[in-house]
Amino acid sequence: MATVDVVIPVYNEEVALSGSVAKLRAFLQENLALPWTIVIADNGSIDHTLAVAQKLAGQYLGVTYIHLPEKGRGRALRKAWLESTADIVSYMDVDLSTDLKAFPPLVTAIAEEGYDVAIGTRLASQSQTKRSLKREFISRCYNLLVKAMFFTRFSDAQCGFKALSRKAVQELVPLIENQEWFFDTELLILAEKKGYRVKEIPVEWVEDPDTRVKIRKTVMEDLKGLWRLRSRPLP
């Protein structure tokens, strides 16, 4: 029976973390038949996030944590995924903006359907998304740019809701240079170019008004990342 790690990267999330972990744990107990572990990946928090993570790991079976002194979602995922011994690794944002009912299909795609990568998409016709027009416009333009530059098939590079097989992690993650938000896009471009099948799962997604994403900085990072990949042969 396949095992699953569910990684939650966190930075300064002392307020939201306990409630999110409790909600996720209750959902997994009821809806995921495979053995699972929740891994809180604290990357460089300067509030009490690490203390909260330690408390949750002591309070609940099936909850662990790792700590990185430096910030970076990609950095946190790299460490958590490469050190994992699970057959399937995944991650989701701590705000649980993506409705959890899409998680079992994400795992099933890897465990039973022969995919090595499965991602949530907010841009499929069946998806239901509530977010500002500004973020919707930026997201659609960005994903069109990715398609135009790399002829990719996936529709939503940056949705914080993904799962990979152990095989895909071991081959792809060491090739990724970015340590922050562009990590997701770089992962998916490499996956397609390496011949991995990527399954997209339509999701329900609600924007978190307390998001830690700095849109201008993230957009610039993403554009630089795309140019870097376009300017040199992919590994």
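Summary of the structure given here. Small disclaimer: the values here were computed from a predicted structure and weren't measured. (Residues numbered from 1 in each chain as written. Predicted model: local features only at pLDDT ≥ 70, side-chain atom pairs only at ≥ 80, totals over all residues. Heavy atoms only, no water.)

This paragraph deals with the nonpolar core. Within the largest apolar cluster, 37 residues are counted, with the highest numbers of intra-cluster contacts made by Val 4, Leu 17, Leu 28 and Phe 103. Listing elements by their share of this core, those giving two or more residues are strand 1 (4–10), helix 1 (17–31), strand 2 (36–43), helix 2 (49–59), strand 4 (88–92), helix 4 (103–111) and strand 7 (161–165). Residues contacting Leu 17, with those up to four places away along its chain left out, are Val 10, Ile 40, Thr 49, Val 52, Ala 53, Leu 56 and Val 94. (Core = buried A, V, L, I, M, F, W, Y, C linked by side-chain atoms within 4.5 Å. Buried < 20%, exposed > 50% of the residue type's maximum accessible area, 1.4 Å probe, protein only. Helix = DSSP H or I, 4+ residues; strand = E, 2+ residues; numbered from the N terminus. Contact = heavy atoms within 4.5 Å.)

Summed over all chains, the structure comprises one cavity of 30 Å³ or more. One number sums up the size of the largest cavity: a volume of about 40 Å³. Met 92, Asp 93, Asp 95, Leu 96, Ser 97, Thr 98, Gly 160, Phe 161 and Trp 205 together form the lining of the largest cavity. Tallied by class, residues from the lining of the largest cavity come to four nonpolar, three polar and two charged. (1 Å grid on protein atoms, 1.4 Å probe; cavity = no way out; pocket = protein on both sides within 12 Å on 5 of 7 lines; lining within 4 Å. Points joined across faces, edges and corners; volume = space filled by probe spheres on them. Nonpolar A, V, L, I, M, F, W, Y, C, P; charged D, E, K, R; others polar.)

Counted at 1.5 Å a residue, the expected span for helix 8 (residues 215–231) with its 17 residues is 24 Å, and the 24 Å between its end C-alpha atoms agrees. For helix 8, the set of buried residues is Thr 218, Glu 221, Asp 222, Gly 225, Leu 226, Arg 228 and Leu 229. The buried residues of helix 8 all sit within an arc of 160 degrees when viewed along its axis, so they share a single face. The exposed set on the far side of helix 8, more than 90 degrees from its buried face, consists of Arg 216, Lys 224 and Trp 227. (Expected span 1.5 Å × (residues − 1). Arc of directions from axis to C-beta.)

To continue, consider the packing of helix 7 (residues 183–193) against helix 8. Each pair of packed helices can be described by the angle between their axes along with the distance between the axes. Direction vectors running N to C along helix 7 and helix 8 enclose 30 degrees, while the axes themselves pass 10 Å from each other. With respect to helix 8, the axis of helix 7 lies roughly parallel. The two elements helix 7 and helix 8 meet at a crossing, and its hand is right-handed. Residues Thr 185, Glu 186 and Ile 189 of helix 7 form the contact with helix 8, whose own contacting residues are Leu 226, Arg 228 and Leu 229. Of the residues contributing to the contact of helix 7 with helix 8, the split by class is three nonpolar, one polar and two charged. (Axes fitted to C-alpha atoms, helices over the stretch in contact; angles between N-to-C directions. Parallel < 35°, antiparallel > 145°, perpendicular 65-115°, else oblique. Left-handed = near helix turned anticlockwise from the far one by under 90°.)

The sheet built from seven strands is open, its strands ordered 3-2-1-4-7-5-8 with mixed pairing. Unpaired on one side and paired on the other, strand 3 (63–68) and strand 8 (198–202) mark the two borders of the sheet. Averaged over all pairs of adjacent strands, the angle between their axes in this sheet comes to 20 degrees, without regard to strand direction. Summarising the sheet, strand 5 (residues 117–121) and strand 7 pair through three bridges and their orientation is antiparallel. Considered in strand 7, the bridge of Ala 118 is made with Ala 163. This element, helix 2, spans strand 1, strand 2 and strand 3 of the sheet and lies at about 155 degrees to strand 3. Contacts from helix 4 reach strand 1, strand 4, strand 5, strand 7 and strand 8, with the element oriented near 20 degrees to strand 7. (Pairing = 2+ DSSP bridges.)

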